Structures are given as structure tokens and as C-alpha cells.
Amino acid sequence: MTIARHPLPAVTSGDARRDRSRVAVLPVGSFEQHGPYLPLSTDTVIAQAIADRICLDYDLFPLPPVTISCSHEHSAFPGTLSLQATTLHSVVSDIWKSLDRDGWTGLVIVNGHGGNHVLSNLAQELNADAPRVVLFPTGPDLEAAGRAAALRTEVGRTDMHAGEFEVSLLLHVAPHLVRPGYEAADWETDEWRSGLHLRGIKPYAPQGVIGRPSAASAEKGRVILDSLGSSCGRLLAYLSGNPVGRRSRRPTDMADR
């Protein structure tokens, strides 16, 4: 059994006191099946990688990830764990209350799991009086990243789960977590998954895969991460009074981390 250990933020209380951006970044992942070749923690690994990139590029403050979320559509597969939507709402809301009380002015929620619909409602609630919370990435951000990387599949449609997009990202940021077998695991369905919330994912994908993981590559993952790092700046601009300038860095910084 492979046990993945991902470093938590090493920042100190002094670092928090000296932080000038006053914007924190919270990765929200999941613990759900991703076929036989990706770990249950895939969405958390991806959310963490995107959050690390955003913190690096825009000099923001890192928070530890939320590692279990709303994965009920994957409950037919062993190992999948879920929180109720109300629980996830409360957890992230309480994190924001703590940040707000401590003087932070903004929060970027990096959502690594498409089933966390409640986070959109939460962001709307918290932004009712003023822009304070950014939910990232959005659908257009993911689509732009897919185009930039010249993916053969369409993110969220022909590439929905454990496919070209996710495997490429893991091949780039954590190749040791990708097991053999993705090269022969392509599974596509012509049936649009309008009943996903009724039936779960298994009737559409017996192995838990929808997409073409065989088309994945580490280079595509690098381009995806570059694109997401760039597109986040446009959303950060909505946080009043916060700098959105992008740090210059060596292209290999993320690969070196």
C-alpha cells in the first residue's frame, strides 16, 4: 500500500503577522475513488498543487487542505468518504470567520472536486456585502487550461473523472502517485450524465473513469498549472484593496518543490 505524505504549510504565527497581502488560500480536496491507478486523495493533491502555485505567484498565505468533502456520487466505490454539504459549508464558513476575526481581508478557496456545489453558495453568501472570497478554478478557467495544454478531451464533459486532465496534473506534480494502468483505462460514454445526482457515477463508469487517461502527459500537466496560475489573477482583482501583481519566477519552480 502506498501512503502519500504531502507537506503541510510550514508558516509560523510570525509569518502570519507579517503577511502583507492579508489574503489566505484554502485548498479543498476530497477522498474518493479515481479509478485503479490514482489515489483516493487525488483531488486534494491537485487542489494543494494549485494553491501552492497561487501562493507562490501572488505571494499569498497558505492554509492546510480540507481533505474530505462531498463525494456522495462516488459512494458505490470502496474507500470513498463524504461530508454532508451542510458540514462542508460549516467547516469552510468557520475557517473564514477565524480569518476575518484575525484581520484577514480575503480568502481564495481552491476547489479540487466538482461535486462541492455548496462552495458556490457559500461564496455567494460571504460576498453579499463586499468581495471577500474567491472560488477557484471556475469552469472557464478549467476550459482555458485544457485548451492551453491541447487536451484531446473536453474538461467536464468527455473528460470528467480520472482522465487526461487529472492524470496529467499528477504526472507533473506527483508522478510517484500514479500507478500503472492508466495507459489502458480509457472509458468514454455517449450518454450525457444528467442523472448523476440520482444514480451516482458507477452506472456511467464501472471502473470510475470517464475520459482518456492514456492521452495524459507531465508536460500537459505543467501547461495546465501555468494556465491556472495566470487565470487566478483575474479573480483576485475583485478583492478590494489587495495586490494582484504576479511574482516573477523560474519556470521550473513548481517542479522543484
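Just above sits the structure.
Residues numbered from 1 in each chain as written. Predicted model: local features only at pLDDT ≥ 70, side-chain atom pairs only at ≥ 80, totals over all residues. Heavy atoms only, no water.

A separate point is the overall build of the chain. Scanning the chain from N- to C-terminus turns up nine helices and four strands. N-terminal to C-terminal, the α/β element order of the chain is α-β-α-β-α-β-α-β-α-α-α-α-α. Across the 257 residues that make up the chain, the buried fraction comes to 50%. Taking the contacts inside the chain whose residues are at least 6 apart along the sequence as the reference set, 77% of them involve residues at least 24 apart. Summing over all exposed atoms, the chain offers an accessible surface of approximately 12600 Å²; the carbon and sulfur share of this is 53%. (Helix = DSSP H or I, 4+ residues; strand = E, 2+ residues; numbered from the N terminus. Buried < 20%, exposed > 50% of the residue type's maximum accessible area, 1.4 Å probe, protein only. Contact = heavy atoms within 4.5 Å. Areas by Shrake-Rupley, 256 points an atom, 1.4 Å probe, with all protein chains shown as cover.)

What follows deals with the environment of Glu-188. Looking at the element boundaries, Glu-188 is found in the loop between helix H6 (164–173) and helix H7 (196–199). On the basis of relative accessibility, which here comes to 52%, the residue Glu-188 falls in the exposed class. Taking the C-alpha atoms as reference, Glu-188 lies 9.9 Å from Gly-163; in sequence the two are 25 residues apart. With sequence-adjacent residues up to four places away left out, Glu-188 is seen in contact with Gly-211 and Arg-212.

Between its terminal C-alpha atoms helix H3 (residues 85–101) stretches 24 Å, which fits the 24 Å expected from 17 residues at 1.5 Å a residue. Along H3, the positions that sit buried rather than exposed are Leu-88, Val-92, Ser-93, Trp-96 and Leu-99. Projected onto a plane normal to the axis of H3, the buried residues spread over an arc of 125° and lie on a single side. For H3, the exposed residues set more than 90 degrees away from the buried face come down to Thr-86 and Arg-101. Each element contacted by the buried residues of H3 is listed here: strand S1 (23–28), strand S3 (106–111), helix H4 (118–126) and strand S4 (133–136). Positive phi appears at Gly-103, one or two residues downstream of H3, with a value of about 100°. (Expected span 1.5 Å × (residues − 1). Arc of directions from axis to C-beta.)

None of this, on its own, says anything about what the molecule does.
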